[in-house]
Amino acid sequence: MSVLPLVFTSGWASGINAYAVVLLLGVFGATGLSDEVPASLQRTDVLVVAGVLFLCEVVADKIPYVDSVWDSVHTVVRPVAGAVVAALLAGENGSLPELAAGAIGGSTALMSHLVKAGTRMAVNSSPEPFSNIAVSTAEDLGVAGIVTFAIFHPLAAAVIAGTLLLLGIVTLLFLASRIRRFLRRRGRRREEKRLAGAASHWPPP
């Protein structure tokens with residue numbers, strides 16, 4: 001069977017939570033639930049690092065504004081992780097060139113990451129923290145559920161991931177005004193901090 005559906009789904013999930021994808025795939029491979037997972041993802045050191053970083057993401061992702069900073073840092077990390085995981089999956093399966101798999105996984109991860117980051121900017125424009133926690137929890141459960149589903153039903157999981165990606169892009173277009181408001185608010189905060197820092201350096205009269 002072609003590994004393409006699993007490559008696409010893992011790319012989509014990596015754009016949301018790359019550490020969860022590495023951790024889940026590694027566990028499925030190490031426990032023998034899947035033969036598609038390469039040995040490099042099943043290594044104990046990889047699983048430990050992925051687990052620690054996953055816990056860090058779980059916490060950071062639920063704190064307003066901290067989540068957006070975290071997303072900014074992971075603008076490169078998630079697409080790269082998606083590309084690497086996809087290439088490793090293709091290398092293990094042999095039905096898809098590793099370079100093509102990396103391009104598919106990386107580009108899909110980049111698109112889903114941009115949807116996630118943009119949606120969080122819109123959510124952060126709301127003063128209460130509960131919507132942020134709810135969205136983050138839904139993302140965590142969604143990634144876990146779809147990656148698990150992809151191990152046993154890769155084609156169906158890829159269809160679901162593609163549908164969610166499309167819906168996310170459409171939602172992002174509707175939330176454009178809230179995202180612009182978030183960016184303006186963040187810009188004002190940075191300017192206020194800059195002015196406050198500059199004022200503290202002036203000698204007292």
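Residues numbered from 1 in each chain as written. Predicted model: local features only at pLDDT ≥ 70, side-chain atom pairs only at ≥ 80, totals over all residues. Heavy atoms only, no water.

**Some thoughts on the overall build of the chain**
Each helix and strand counted, the chain has seven helices and zero strands in total. What you see in the chain, going N to C, is helices and strands ordered as α-α-α-α-α-α-α. Sorting the 205 residues of the chain into buried and exposed places 42% on the buried side. If you take every contact in the chain between residues at least 6 apart in sequence, the share linking residues at least 24 apart comes to 76%. A total of about 10500 Å² of accessible surface is found on the chain, and carbon and sulfur atoms cover 74% of it. (Helix = DSSP H or I, 4+ residues; strand = E, 2+ residues; numbered from the N terminus. Buried < 20%, exposed > 50% of the residue type's maximum accessible area, 1.4 Å probe, protein only. Contact = heavy atoms within 4.5 Å. Areas by Shrake-Rupley, 256 points an atom, 1.4 Å probe, with all protein chains shown as cover.)

**A closer look at the nonpolar core**
Val3, Val7, Trp12, Val21, Leu25, Leu89 and Val143 are the most contacted members of the largest nonpolar core, which totals 29 residues. Sorting the residues of this core by element identifies α1 (4-30), α3 (66-93), α4 (98-124), α5 (130-152) and α6 (154-174) as the ones contributing at least two each. With 10 residues, the top contributor of residues to this core is α1. When neighbours within four sequence positions are excluded, Trp12 is seen to be in contact with Thr108, Ser112, Ile146, Ala161, Leu164 and Leu165. (Core = buried A, V, L, I, M, F, W, Y, C linked by side-chain atoms within 4.5 Å.)

**As for the pattern of salt bridges**
According to the stated counting rule, one finds nine salt bridges in the structure shown. Between Lys116 and Asp61 there is a salt bridge whose closest N-O contact spans 3.1 Å. Of the two residues, Lys116 sits in helix α4 while Asp61 sits in the loop between α2 (44-60) and α3, which places them 55 residues apart along the sequence. Taking relative accessible area as the criterion, Lys116 reaches 3% and is therefore assigned buried. In this structure, Asp71 engages Arg78 in a salt bridge whose closest nitrogen and oxygen atoms are separated by 2.9 Å. Each of Asp61, Asp67, Lys116, Arg120 and Glu139 takes part in salt bridges that share partners, so that together they form one network. (Salt bridge = Lys/Arg side-chain N within 4 Å of Asp/Glu carboxyl O.)

**Digging into the side chain of Thr119**
Take Thr119: it is sitting in helix α4. One polar contact links the side chain of Thr119 to the main-chain carbonyl oxygen of Val115, over a distance of 2.7 Å. When near neighbours in sequence (up to four residues on either side) are disregarded, Thr119 contacts Leu172 and Leu175. (Polar contact = N/O pair within 3.5 Å; in protein donor to acceptor, adjacent residues only side chain to side chain.)

**Section: a positive patch on the surface**
On the surface, Arg180, Arg181, Arg184, Arg188 and Arg189 cluster together into a patch of positive charge. Inspection of the secondary structure puts Arg180 in helix α7 (residues 176-200). We classify Arg180 as partly exposed; its relative accessible area is 49%. (Patch = residues over 30% accessible without salt bridge, like charges linked within 9 Å, V, L, I, M, F, W, Y side chains within 5 Å. Lys, Arg positive; Asp, Glu negative; His and termini not counted. Charge placed at Lys NZ, Arg CZ, Asp CG, Glu CD.)

**As for the environment of Ala50**
On the secondary structure map, Ala50 appears in helix α2. Through-space distance from the C-alpha of Ala50 to that of Tyr19 is 5.2 Å; in sequence the pair is 31 residues apart. In this view, Ala50 contacts Tyr19, Val22 and Leu23; residues no more than four positions away in its chain are not counted.

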